[in-house]
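In case you want the letters, here they are:
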There are 4 protein chains.
Amino acid sequence: MTVCFTTERMLHFGDCDISGTAYYPAYLNILNGVVEEFWAHLGWPWHEIIWKERWGTPTVHLSCDFSKPSFFGDKLTFQLTVTKVGKSSVGLKHAIHCGDEHRWSVTQVLAASWLDKHTSMPWPADVKAKLESLMAPDAPERRPVGGPQPQA
Amino acid sequence: MTVCFTTERMLHFGDCDISGTAYYPAYLNILNGVVEEFWAHLGWPWHEIIWKERWGTPTVHLSCDFSKPSFFGDKLTFQLTVTKVGKSSVGLKHAIHCGDEHRWSVTQVLAASWLDKHTSMPWPADVKAKLESLMAPDAPERRPVGGPQPQA
Amino acid sequence: MTVCFTTERMLHFGDCDISGTAYYPAYLNILNGVVEEFWAHLGWPWHEIIWKERWGTPTVHLSCDFSKPSFFGDKLTFQLTVTKVGKSSVGLKHAIHCGDEHRWSVTQVLAASWLDKHTSMPWPADVKAKLESLMAPDAPERRPVGGPQPQA
Amino acid sequence: MTVCFTTERMLHFGDCDISGTAYYPAYLNILNGVVEEFWAHLGWPWHEIIWKERWGTPTVHLSCDFSKPSFFGDKLTFQLTVTKVGKSSVGLKHAIHCGDEHRWSVTQVLAASWLDKHTSMPWPADVKAKLESLMAPDAPERRPVGGPQPQA
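This structure is a prediction, so every number in the text was calculated from the model and none was measured.

Rules of the game
Residues numbered from 1 in each chain as written. Chains lettered and ligands numbered in written order. Predicted model: local features only at pLDDT ≥ 70, side-chain atom pairs only at ≥ 80, totals over all residues. Heavy atoms only, no water. Helix = DSSP H or I, 4+ residues; strand = E, 2+ residues; numbered from the N terminus. Buried < 20%, exposed > 50% of the residue type's maximum accessible area, 1.4 Å probe, protein only. Areas by Shrake-Rupley, 256 points an atom, 1.4 Å probe, with all protein chains shown as cover. Contact = heavy atoms within 4.5 Å. Buried area = accessible area lost by both parts, 1.4 Å probe. Salt bridge = Lys/Arg side-chain N within 4 Å of Asp/Glu carboxyl O. Polar contact = N/O pair within 3.5 Å; in protein donor to acceptor, adjacent residues only side chain to side chain. Nonpolar A, V, L, I, M, F, W, Y, C, P; charged D, E, K, R; others polar. Core = buried A, V, L, I, M, F, W, Y, C linked by side-chain atoms within 4.5 Å. Least-squares fit on C-alpha atoms with pLDDT ≥ 70 in both. Phe/Tyr/Trp six-rings, centres within 6.5 Å; stacked < 30°, edge-to-face > 60°. 1 Å grid on protein atoms, 1.4 Å probe; cavity = no way out; pocket = protein on both sides within 12 Å on 5 of 7 lines; lining within 4 Å. Points joined across faces, edges and corners; volume = space filled by probe spheres on them.

**What to know about the overall build of chain A**
Stage number 1. Within chain A one finds 3 helices and 7 strands.
Stage number 2. N-terminal to C-terminal, the α/β element order of chain A is β-α-α-β-β-β-β-β-β-α.
Stage number 3. Looking at the 152 residues of chain A, the share that counts as buried comes to 51%.
Stage number 4. Here chain A displays about 7100 Å² of accessible surface, and carbon together with sulfur accounts for 54% of that area.

The structure is reproduced here in structure tokens:
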């Protein structure tokens, strides 16, 4: 899978607990902001689809491994990968680093849902096409023989 | 496994998003308060072990399934089960209901850690013994010979 | 003025910052929960007026003095006084103690507002009458000699 | 007084309540991040003074007027003014706009404090000098001779 969106966040005072490391609900508030930024980057900012079209993408599954603590003041890099696109859901993977050190990772499933009825809905066709385009593998086997090698 | 701790929380105004349902980082802030209450119930309130002994139990793994939305004003019941006790970790399972309806479930791993060094530590012997006592299976040794085997 | 509502809150792990004392936005999240509990106590729980009648009581003014720090694990007592009732607003005063020690105080103005139009509305007559009844001074000097003594 | 620091924040999904407008404790979490950014801009990032020198600048007074609601997706401009510098305190004023519309305003007092002892401390000399330099009035030397005196 290919990382399709990268962004950064500093760990702020208000995100940290008595130990000076991230309070995990604050971590997830940050993560939600990253996913919000990803949707704006795709062209469907949440505040537009929610206000104008009354649908959203609530999280139905979330799994986190907090491998190493992050400290107040750390600058974190969030890398997002689309892992699966369903009729009305999308699987995401997040890898979070500080410099070269891996800090935590997440798998997450979002479900397209009507805001007022709280029921799932199929993705609009253009949203689904966009999400699927982000899953395209690096496809090295389809590069012509002797062509350039992929770079990290 | 046996549920060894049950408590209740109302979903408050400040926990809900624009759809009137729980914002998931707020859900996890509530969950963290439930786990804090569980440790006080066991006899090791976090504010005592943190202030006096400088250790805590940060979350190293968390996996959540949000099956059905919870609404502002809902009264939720949290049921906690101890699933595994390691040298310096404990596995928990949470089932959250509103009345008879299942709303979300969590598996979580906490690791005993020194607050200042941010390194793991073995459970104090009395803490470990207490956690293990909560895992007591439903007395399989008392099943008649040749009876059915427990299933996972 | 008379204190007309008293409740308690413990300062939890998730409310505290790196110094082990209350993070002030978390303090205000707690305060908002206290005001929510006050309205339920009056007979107009926010989740009922919001869901059924589409009005609420957003805060339009807030002034806080944080006199002394509160520490993780402290048990705080919140005392609420109604100081003024207007056509569509109410003034509140909060005094927050830990045991005998004063910790912080708040003056706050709430405005009755339509949830969807975001415009102010006059209090429903029964709500206004209830709020006004809570402003009654203790007026012990006006009690007849030999009359009953006030109780806590 | 002169605005000495300006920054912007979008109102995110996680900052808003059921009405789609800012939840005021979330507003104050944002404000705290703005003040954190201001201190980094001055040259004393909180994570450096807290980790290395063990002092910080807790809020001892806060007064907010929420004049008009801000909506999910709004882009807010924060303008910060230093209004008073004491031996161990600083007064700040914040004006928050969305485009041309004034949304809310804050007066705030921070007190320099030892992180571990929770007692106030005098500003380090260089910090005090920097804060005082930000209070410089709007160039009085350019007022015509005999012209009106500036008023507080």
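This is not the end of the story, as more comes after the structure.
**Looking at the interface of chain A and chain C**
Interface size is commonly expressed as the accessible surface area that is lost when the partners come together.
Stage number 1. Counting residues at the interface gives 8 residues for chain A and 8 residues for chain C.
Stage number 2. Taken over both partners, the interface formed by chain A and chain C buries close to 790 Å², and the fraction arising from carbon and sulfur atoms is 75%.
Stage number 3. Contact with chain C buries area across many residues of chain A, yet A:Phe13, A:Ile18 and A:Tyr23 alone supply 59% of it, more than any other trio.
Stage number 4. Summed over the shared surface of chain A and chain C, the result is 0 salt bridges.
Stage number 5. Applying the counting rule to chain A against chain C returns 0 residue pairs in polar contact (both at pLDDT 80 or more).
Stage number 6. Looking at the side of chain A that touches chain C, its residues break down into 5 nonpolar, 2 polar and 1 charged.

**Quick notes on the interface of chain A and chain B**
Stage number 1. With 25 residues of chain A at the contact, the number on the chain B side is 25 residues.
Stage number 2. Buried surface at the junction of chain A and chain B, summed over both partners, amounts to about 2200 Å²; 60% is from carbon and sulfur atoms.
Stage number 3. Together, A:Ile18, A:Tyr24 and A:His118 form the three largest contributors to the area buried by chain A at its contact with chain B, with a combined 27%.
Stage number 4. There are 0 salt bridges connecting chain A and chain B.
Stage number 5. Here chain A and chain B share 16 residue pairs in polar contact (both at pLDDT 80 or more) between them.
Stage number 6. For the side of chain A that touches chain B, the elements supplying multiple residues, two or more each, are α1 (24-42), α2 (46-53) and β3 (59-66) of chain A.
Stage number 7. A total of 8 residues in the side of chain A that touches chain B trace back to one element, the largest contributor, which is β3(A).
Stage number 8. Looking at the side of chain A that touches chain B residue by residue, the class counts come to 15 nonpolar, 9 polar and 1 charged.

**As for the nonpolar core**
Stage number 1. Of all hydrophobic cores here, the largest spans 187 residues; its most connected members are A:Trp39, B:Trp39, C:Trp39 and D:Trp39.
Stage number 2. Apart from the residues lying within four places of it in its own chain, the contact partners of B:Trp39 are B:Trp44, B:Pro45, B:Trp46, B:Thr57, B:Leu110, B:Trp123, B:Val127 and B:Leu131.

**Section: the relation of the copies chain A and chain B**
Relating the two copies of this chain is a rotation about some axis coupled with a shift parallel to it.
Stage number 1. Rotating chain A by 180° about the axis while translating it 0.0 Å along that axis superimposes it on chain B, leaving an RMSD of 0.0 Å. Taken together, these values place the two copies in the relation of a two-fold axis. Judged by C-alpha distance, A:Ser63 is the residue of chain A that lies nearest the rotation axis, at 2.0 Å.
Stage number 2. Taken as a fraction of all interface residues of chain A, those also at the interface in chain B reach 100%, which identifies the copy contact as same-surface.

**A few points about the pattern of salt bridges**
Stage number 1. A full pass over the atoms with the stated rule returns 28 salt bridges over all chains.
Stage number 2. Residue A:Lys75 pairs with A:Glu8 through a salt bridge whose shortest N-O separation is 3.5 Å. Of this pair, A:Lys75 sits in strand β4 (residues 75-85) while A:Glu8 sits in strand β1 (residues 5-10), and the two are 67 residues apart along the sequence.
Stage number 3. Across the pair D:Arg103 and D:Asp74 runs a salt bridge whose closest N-O atoms are separated by 2.6 Å. Remark: D:Asp74 occurs in the loop between β3 (59-66) and β4 (75-85) and D:Arg103 occurs in strand β6 (residues 101-111); sequence separation between them is 29 residues.

**Points about the relation of the copies chain A and chain C**
Stage number 1. Of the transformation placing chain A onto chain C, the axial shift is 0.0 Å and the rotation is 180°, giving an RMSD of 0.0 Å.
Stage number 2. Both copies present the same face, since 100% of the interface residues in chain A are matched by interface residues at the equivalent positions in chain C.

**Concerning the packing of aromatic side chains**
Two aromatic rings are characterised by how far apart their centres lie and by the angle between their planes.
Stage number 1. Per the counting criterion, the structure on display carries 56 aromatic pairs over all chains.
Stage number 2. When the centroid spacing of 5.7 Å and the interplanar angle of 55° are considered together, the rings of B:Phe5 and B:Phe38 count as tilted. Of the two residues, B:Phe5 is situated in strand β1 (residues 3-10) and B:Phe38 in helix α1 (residues 24-42); the sequence distance between them amounts to 33 residues. For the pair B:Phe5 and B:Phe38, one class covers both residues: buried.
Stage number 3. Geometrically, the ring pair formed by C:Tyr27 and C:Trp104 is stacked, given 4.1 Å between the ring centres and 25° between the ring planes. Taken as a pair, C:Tyr27 in helix α1 (residues 24-42) and C:Trp104 in strand β6 (residues 101-111) lie far apart in primary sequence, 77 residues in all. Note on accessibility: C:Tyr27 and C:Trp104 belong to one class, buried.

**Remarks on the layout of surface pockets**
Stage number 1. Considering only enclosed or pocket space, the largest pocket measures out at about 800 Å³ in volume.
Stage number 2. Sorting the residues of the lining of the largest pocket by element identifies β1, α1 and α2 of chain A together with β1 (5-10) and α1 (24-42) of chain D as the ones contributing at least two each.
Stage number 3. Element by element, the count of residues in the lining of the largest pocket is highest for α1(A), at 7 residues.
Stage number 4. Residue composition of the lining of the largest pocket, by class: 9 nonpolar, 11 polar and 9 charged.

Any functional reading would require information beyond the geometric quantities listed.
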